[in-house]
Amino acid sequence: MKISVFLSCLLILSVVVVCQGGGLRKQFYRKSCPQAEDIIRNATQKHVLSNPNLPAKLLRMHFHDCFLRGCDGSILIESTANNTAEKDSIPNLTLTGFDVIEEIKTEVEKKCKGLVSCADILALAARDSVSFKFNRPLWEVLTGRRDGSVSLASEVFANIPSPFANFSTLIQNFKSKGLTVHDLVVLSGGHTIGVGHCNLFSNRLYNFTGKGDQDPSLNPTYAQFLKTKCTSLADNTTTVEMDPKSSFTFDNDYFVILQQNKGLFQSDAALLTDKIARNIARELVNSRVFFTEFAQSMKRMGNIEILTGTKGEIRKKCSVINS
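Residues numbered from 1 in each chain as written. Predicted model: local features only at pLDDT ≥ 70, side-chain atom pairs only at ≥ 80, totals over all residues. Heavy atoms only, no water.

A. A look at the state of the cysteines. Scanning the entire structure with this criterion turns up 4 disulfides. Paired through a disulfide, Cys-118 and Cys-318 show a sulfur-sulfur distance of 2.2 Å. Residues Cys-118 and Cys-318 share a disulfide whose torsion about the S-S bond is about -95 degrees; that sign makes it left-handed. In this pair, Cys-118 is assigned in helix α5 (residues 118-131) and Cys-318 in the segment after α13 (287-301), connecting sequence segments 200 residues apart. (Disulfide = S-S within 2.5 Å. Helix = DSSP H or I, 4+ residues; strand = E, 2+ residues; numbered from the N terminus.)

Below is the structure:
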């Protein structure tokens, strides 16, 4: 009897181990490449020192990667003569920082050839760049992702949340990725760093309903300020801080200005059109609550449709699918 019970327990334990091995986990590279996370962190910090815009760029890139085919590094793949990749779709044309990820990959490859995925490098670099000024990781990144081998520009519009989206469209988009209204509001807080291009919000200034009008939900004083930066609907090169006067500081100020109707994009303002989302945004004005919730939502986002185990590949170069 004791032997049969022992064997049953052993079988259950084996199943649990196999199941856990198929997903992400802490320090996935602890045995295969113990230096991996240190190499990625050190290389990322070196780049942030010379480019304070990098945290916003890598955070956005990670977001765009996860929302299309999951967090598989497919956003990093270059187009070929036979395929237009994600990065060359209109919503992704303003993404930058690809060279940084490729350089970090090169550093990792010198120590651990063919072992660390580009998807994990991007997830870790996004976290480490945002965390740099805090001298501690702001959220936990579980690792073990493998790289995808499909990257299609034609799939981008249907998957990446649009800055022009209303609340119902946004919540449906997040729901399709297994994320909640809570995640939608919390992750929108990423707009506390970085800039937005005029053409992504100038309709709110000059032609909101197609009648040459201004978005009535936009703070009038803020709208006048934005008009001094974006002088026409045709301007697609000028950028404006998403969080005025605080675009390099990762904090909860996004939710402070949101309450003042100073959210830059229509998708920001949309959060105030739903009672539940509005209440969540109000709670996130508390800095401690924001940092706690952002860490949890980033962890959930990093788990979207991941490739693990024998699925996918470990790319030799992040920009090129293995031949």
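Having seen it, we continue.
B. The arrangement of a nonpolar patch on the surface in detail. A contiguous nonpolar patch, built from Ile-90, Leu-93 and Phe-157 and spanning about 370 Å² of accessible area, is present on the exposed surface. Examined against the element boundaries, Ile-90 turns out to sit in the loop between α3 (54-66) and α4 (98-111). (Patch = residues over 30% accessible without salt bridge, like charges linked within 9 Å, V, L, I, M, F, W, Y side chains within 5 Å. Areas by Shrake-Rupley, 256 points an atom, 1.4 Å probe, with all protein chains shown as cover. Salt bridge = Lys/Arg side-chain N within 4 Å of Asp/Glu carboxyl O.)

C. Local environment of the packing of helix α2 (residues 36-50) against α5. Running from N to C, α2 and α5 point in directions that differ by 50 degrees, and their axes come no closer than 9 Å. Taken together, α2 and α5 sit at an angle that is classed as oblique. Judged by the sense of rotation from one axis to the other, the crossing of α2 with α5 is right-handed. Contacts between α2 and α5 involve Glu-37, Ile-40, Arg-41, Thr-44 and Val-48 on the former and, on the latter, Ile-121, Leu-124, Ala-125, Arg-127, Asp-128 and Ser-129. Of the residues that constitute the contact of α2 with α5, the class distribution is 5 nonpolar, 2 polar and 4 charged. (Axes fitted to C-alpha atoms, helices over the stretch in contact; angles between N-to-C directions. Parallel < 35°, antiparallel > 145°, perpendicular 65-115°, else oblique. Left-handed = near helix turned anticlockwise from the far one by under 90°. Contact = heavy atoms within 4.5 Å. Nonpolar A, V, L, I, M, F, W, Y, C, P; charged D, E, K, R; others polar.)

D. Quick look at α3. Helix length check: α3, at 13 residues, gives a terminal C-alpha distance of 18 Å against a target of 18 Å (1.5 Å per residue), a fit within 8%. Where burial is concerned, most of α3 is hidden: 11 out of the 13 residues are buried. Every buried residue belonging to α3 is among Leu-54, Pro-55, Ala-56, Leu-58, Leu-59, Met-61, His-62, Phe-63, His-64, Asp-65 and Cys-66, and all of these are buried. Looking at the packing, one finds that the buried side of α3 touches α2, α4, α5, α6 (167-175) and α13. (Expected span 1.5 Å × (residues − 1). Buried < 20%, exposed > 50% of the residue type's maximum accessible area, 1.4 Å probe, protein only.)

E. Spotlight on the packing of aromatic side chains. Counted according to the given criterion, the structure contains 15 aromatic pairs. Summarising the aromatic geometry, the rings of Phe-63 and Phe-174 are spaced 6.3 Å apart at their centres and angled 50 degrees between planes, so their arrangement reads as tilted. Of this pair, Phe-63 sits in helix α3 while Phe-174 sits in helix α6, and the two are 111 residues apart along the sequence. Assessed through its relative accessible area of 3%, Phe-174 is described here as buried. Put simply, the rings of Phe-134, Trp-139, Phe-250, Tyr-254, Phe-255, Phe-290, Phe-291 and Phe-294 touch in pairs and so form one group of aromatic residues. Lying across the ring of Phe-98, Lys-87 places its NZ or CZ 3.8 Å from the centre. (Phe/Tyr/Trp six-rings, centres within 6.5 Å; stacked < 30°, edge-to-face > 60°. Lys NZ or Arg CZ within 6 Å of the ring centre and 35° of its normal.)

F. Summary view of the environment of Leu-115. Looking at the element boundaries, Leu-115 is found in the loop between α4 and α5. Given the relative accessible area of 34%, Leu-115 is considered partly exposed. Excluding residues that lie within four positions of it along the chain, Leu-115 makes contacts with Tyr-29, Ser-32, Cys-33, Glu-109 and Ile-314.

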